[in-house]
Amino acid sequence: MEILPVKAKLNVDVKADLTPAVQATADTISTLHKGVGKLLNAFVGPWIANRERAIALLQAQTQHDCQQIAEGELIYQKGMLLSVPDQRPLPNVYETIHGLNHQADAKRLEAAIREAVRQISEVPSDQISDDPISQTFFNHWRREAEMIDEDELRQWWARILVEEAKKPHSISPRTLDVARRLSKEEALLFVKMVKGEVDGIVPVDSQGHPQYISYAEALMLQSAELIFAQQSRTTFRLAYDIDEKHKGTCIPLHNAGLMLCAHKKDFSADCYILTDAGRRLLSIAQEPRRVEDYIAIATRLSSLSGNTIMSLHPIMQRQGAQLTWSNIPLWTSERADEDKKEDDKASRP
């Protein structure tokens with residue numbers, strides 16, 4: 001298949017066989033960013049690959065339409081060919097509505113593509129695979145993009161395309177189907193819930209409430225097939241030596257470059273476990289978290305486990321699966337408890 005270079009200029013004849021959304025994208029995007037090029041190629045590739053045949057057909061159709069206009073069978077009005085009003089008014093109404101629907105679909109698709117281009121422009125090129133996006137995947141993605149009007153859902157859907165561009169075939173048809181069926185409310189709830197995710201699980205209290213959403217809202221995400229219906233309990237078993245006599249449990253927070261340490265052997269937590277689709281969508285839904293967010297997670301884990309001492313340590317070095325972290329904690333719940341006691345003492349009359 002012939003691929004359109006990212007900075008190529010489309011000539012007038014080629015432009016003639018493209019939809020308005022394709023024209024707008026091809027005309028306005030001119031960049032060497034690899035990710036943008038992949039999105040553009042997926043968007044216009046099928047049209048460009050067959051442009052000679054399409055142009056020939058278009059020219060033949062144009063001659064035919066001109067003949068029908070000359071004979072009074074058609075009229076050209078507001079960019080559309082319409083039948084001359086006769087004794088059959090309803091078919092003309094249907095054709096007009098059909099044409100307007102196509103224009104609306106094209107505008108929504110263009111908006112989704114522009115949002116995906118904006119997002120992928122912020123991704124370093126070395127994080128984007130050289131493999132092309134599957135045209136089948138793009139076709140499924142495009143059909144849904146043509147129906148999305150809400151900005152929040154459009155941003156969500158654009159992230160899915162960007163993730164697939166970064167790593168083709170990473171999003172299964174099943175995951176795409178789950179994402180497609182999410183309502184705006186469910187998508188935003190998922191984003192909110194996974195702010196409290198740690199090591200692939202979402203800790204909950206004894207009543208089943210995650211950190212950032214309610215139990216009732218969690219039930220909605222169960223119905224959406226993002227978390228399993230049954231509450232579970234997870235035990236973290238990656239041990240480390242606190243001192244010569246005591247062992248603790250460490251939980252790597254890779255995205256933050258931090259190690260979360262529980263001063264307890266085989267540390268456990270009640271939790272919801274993400275489904276396969278939920279785990280795949282995690283990287284799409286999860287917004288960047290700050291150190292304060294991880295402190296909030298560690299504080300809650302401490303309170304849910306009988307005030308087990310928790311601490312956060314900077315990861316110093318990675319060698320394969322081996323991690324080395326600083327002995328000096330960036331934060332510890334023990335120190336936070338001491339500070340709270342001092343504050344309480346100071347506030348007493």
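Cut-offs applied
- Residues numbered from 1 in each chain as written.
- Predicted model: local features only at pLDDT ≥ 70, side-chain atom pairs only at ≥ 80, totals over all residues.
- Heavy atoms only, no water.
- Phe/Tyr/Trp six-rings, centres within 6.5 Å; stacked < 30°, edge-to-face > 60°.
- Helix = DSSP H or I, 4+ residues; strand = E, 2+ residues; numbered from the N terminus.
- Buried < 20%, exposed > 50% of the residue type's maximum accessible area, 1.4 Å probe, protein only.
- Pairing = 2+ DSSP bridges.
- Axes fitted to C-alpha atoms, helices over the stretch in contact; angles between N-to-C directions.
- pLDDT = per-residue confidence, 0-100.
- Contact = heavy atoms within 4.5 Å.
- Salt bridge = Lys/Arg side-chain N within 4 Å of Asp/Glu carboxyl O.

Draft legend 1. Molecular detail of the packing of aromatic side chains. Per the stated rule, a full pass over the model turns up four aromatic pairs. A ring pair is formed by Trp 156 and Phe 190, whose centres lie 6.3 Å apart and whose planes are at 80°; its orientation type is edge-to-face. Of this pair, Trp 156 sits in helix α7 (residues 151–166) while Phe 190 sits in helix α9 (residues 184–193), and the two are 34 residues apart along the sequence. Classification of Trp 156 by relative accessible area gives buried; the value is 5%. Looking at Phe 190, the relative accessible area reads 0%, which means it is buried.

Draft legend 2. Layout of the sheet that holds strand β8 (residues 267–273). An order of β3-β8-β4 is seen for the three strands of this open sheet, with the pairing classed as antiparallel. Strand pairing shows two members of the sheet lacking a second neighbour, β3 (201–203) and β4 (232–236), which therefore form its edges. Sheet twist, expressed as the mean angle between neighbouring strand axes with direction ignored, is 55°. Bridge analysis of β3 against β8 gives three bridges, and the strand direction is antiparallel. From the neighbouring strand, Pro 203 faces β8, where its bridge partner is Cys 271.

Draft legend 3. Seen up close, the confidence of the model for the protein chain. On average, residues of the protein chain score 81 in pLDDT, and 77% of them reach the 70 mark or higher. This model gives residues 340–346 a pLDDT under 50, and the stretch forms zero contacts once residues within four places in sequence are excluded.

Draft legend 4. Summary view of the pattern of salt bridges. All told, the structure shown has 20 salt bridges when counted by the stated rule. In this structure, the salt-bridge partner of Lys 195 is Asp 293, at a minimum N-O distance of 3.8 Å. Highlighted residues: Lys 195 in the loop between α9 and β3 and Asp 293 in helix α12 (residues 291–304), separated in sequence by 98 residues. The closest approach of N and O atoms between Asp 205 and Arg 300, which form a salt bridge, is 3.9 Å. Of this pair, Asp 205 sits in the loop between β3 and α10 (215–223) while Arg 300 sits in helix α12, and the two are 95 residues apart along the sequence. Across this residue pair, the class does not change: Asp 205 and Arg 300 are buried.

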